[in-house]
Amino acid sequence: MIGILQGRLTYTKKKLQWFPKDPLKEFPIAKKLKYNFIEFFAEKNINKKNPIWSDDGIRNYNKYTRKNNLLIYSFCDDYYITNDLSKKETFNYALKILKRVHLLKIKKYIIPLYGKSFLLSHNKKGILKNISRIAKICSNYKIELLLESNMSPQTFMDLKEKIRHKNCFFLFDTGNRIVLQRNFEKDIMLFGKDIKHIHLKDKNYLKKNVIIGNGLMNFDLLFSYLKKINYEGNFTIESQRGNNILEQSKKNYNFFKNLIKKYKL
């Protein structure tokens, strides 16, 4: 299945990661463009206008999802980028948001380990402790916890061993991996079955998110290696909108749909 990140189907000026003023408008657009789901997200700072925080909001999400033949699938939480996951206050936030995510029946809950939650020597112990606690809660809710990070496969394996929960997996972000100047093909082989979801975007040598095909990522090579590990997960497009949002979004969908067909994923 192919999804698109919330906010990428509506105009929000120059800011790429921006919560839409009227998120419900994106559902019929996603349906028209043949997307399977919209990946919901929470912002770096709590926005009480985000439907995830109200019962009416969740009812509307469910209503518009059904009405437009879409699926509820994944939720990416950017709050951890500006709030240290090793802190008690951040864990308390996790308790609250997971209750809301559970009500929405999300399948994948994504924690980006960037910014304030980037793993360093001084916060690693606290972050691992809280990830383990979050993984347990997710398990009780039948949610898979996905960690989005620039870490190496070996670092992830070591981390997962310490977490000791079978529902903790890795999210592979194509744009973030390519700018690391690592061998992403080798990384895919090493991560293997731990890759449960993929964010699709392209970046240039300045690490700027660019239109799909205008950056450093070789998507044909990427999909050939996903075939080698028998990847069974899904994809969320996080690309630039381009000058014509609908035209670019349709073009992106068709591009990746053809690669999925080509490699029979």
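The structure we're discussing is the one just above.
From a predicted model like this one, the values you see are computed outputs, not experimental measurements. (Residues numbered from 1 in each chain as written. Predicted model: local features only at pLDDT ≥ 70, side-chain atom pairs only at ≥ 80, totals over all residues. Heavy atoms only, no water.)

1. A few points about empty space enclosed by the protein
Phase 1: Across all of its chains, the model carries three cavities of 30 Å³ or more by this definition.
Phase 2: Size it by volume and the largest cavity reaches roughly 40 Å³.
Phase 3: Along its surface, the largest cavity is lined by Ile4, Arg8, Ile237, Ser239, Gln240, Arg241, Ser249 and Asn252.
Phase 4: Broken down by class, the residue content of the lining of the largest cavity amounts to two nonpolar, four polar and two charged. (1 Å grid on protein atoms, 1.4 Å probe; cavity = no way out; pocket = protein on both sides within 12 Å on 5 of 7 lines; lining within 4 Å. Points joined across faces, edges and corners; volume = space filled by probe spheres on them. Nonpolar A, V, L, I, M, F, W, Y, C, P; charged D, E, K, R; others polar.)

2. What about a nonpolar patch on the surface?
Phase 1: Together, Tyr205, Leu206 and Leu216 make up a nonpolar patch on the protein surface, roughly 390 Å² of accessible area in all.
Phase 2: Along the polypeptide, Leu216 turns up in the loop between strand S9 (209–210) and helix H9 (219–228).
Phase 3: Residue Leu216 is classed as partly exposed on the basis of its relative accessible area of 45%. (Patch = residues over 30% accessible without salt bridge, like charges linked within 9 Å, V, L, I, M, F, W, Y side chains within 5 Å. Areas by Shrake-Rupley, 256 points an atom, 1.4 Å probe, with all protein chains shown as cover. Salt bridge = Lys/Arg side-chain N within 4 Å of Asp/Glu carboxyl O. Helix = DSSP H or I, 4+ residues; strand = E, 2+ residues; numbered from the N terminus. Buried < 20%, exposed > 50% of the residue type's maximum accessible area, 1.4 Å probe, protein only.)

3. Let's talk about the layout of surface pockets
Phase 1: Volume-wise, the largest pocket comes out at about 520 Å³.
Phase 2: Around the largest pocket sit 22 residues that line it, and Asn176, Lys201, Lys203, Asn209 and Glu238 are the ones nearest its centre.
Phase 3: Residues belonging to the lining of the largest pocket are distributed by class as follows: seven nonpolar, six polar and nine charged.

4. Brief notes about the pairing of strand S10 (residues 234–237)
Phase 1: Burial along S10 is two-sided: Asn234 and Thr236 facing one way and Phe235 and Ile237 facing the other are all buried.
Phase 2: In the sheet, strand S1 (residues 2–5) pairs with S10 via three bridges, with the strands oriented parallel. Bridge pairing in S10 places Ile2 opposite Phe235. (Pairing = 2+ DSSP bridges.)

5. Some thoughts on the packing of H9 against helix H10 (residues 245–262)
Phase 1: For the pair H9 and H10, the least separation of the axes is 10 Å and the interaxial angle reads 40°. Overall, the two elements H9 and H10 adopt an arrangement that is oblique. The handedness of the crossing between H9 and H10 comes out as right-handed. Residue-level inspection shows Phe219, Asp220 and Phe223 of H9 in contact with H10, the latter providing Phe255, Phe256, Leu259, Ile260 and Lys262. (Axes fitted to C-alpha atoms, helices over the stretch in contact; angles between N-to-C directions. Parallel < 35°, antiparallel > 145°, perpendicular 65-115°, else oblique. Left-handed = near helix turned anticlockwise from the far one by under 90°. Contact = heavy atoms within 4.5 Å.)

6. Here we look at the pattern of salt bridges
Phase 1: Evaluated as defined, the whole model comprises nine salt bridges.
Phase 2: The partner of Asp187 in a salt bridge is Arg177, and the shortest N-O contact between them spans 2.7 Å. Of this pair, Asp187 sits in helix H8 (residues 184–191) while Arg177 sits in helix H7 (residues 174–178); the two residues are ten residues apart in sequence, bridging distant segments of the chain. Both residues of the pair, Asp187 and Arg177, belong to the buried class.
Phase 3: The network of salt bridges with shared partners includes Asp173, Lys201 and Glu238.

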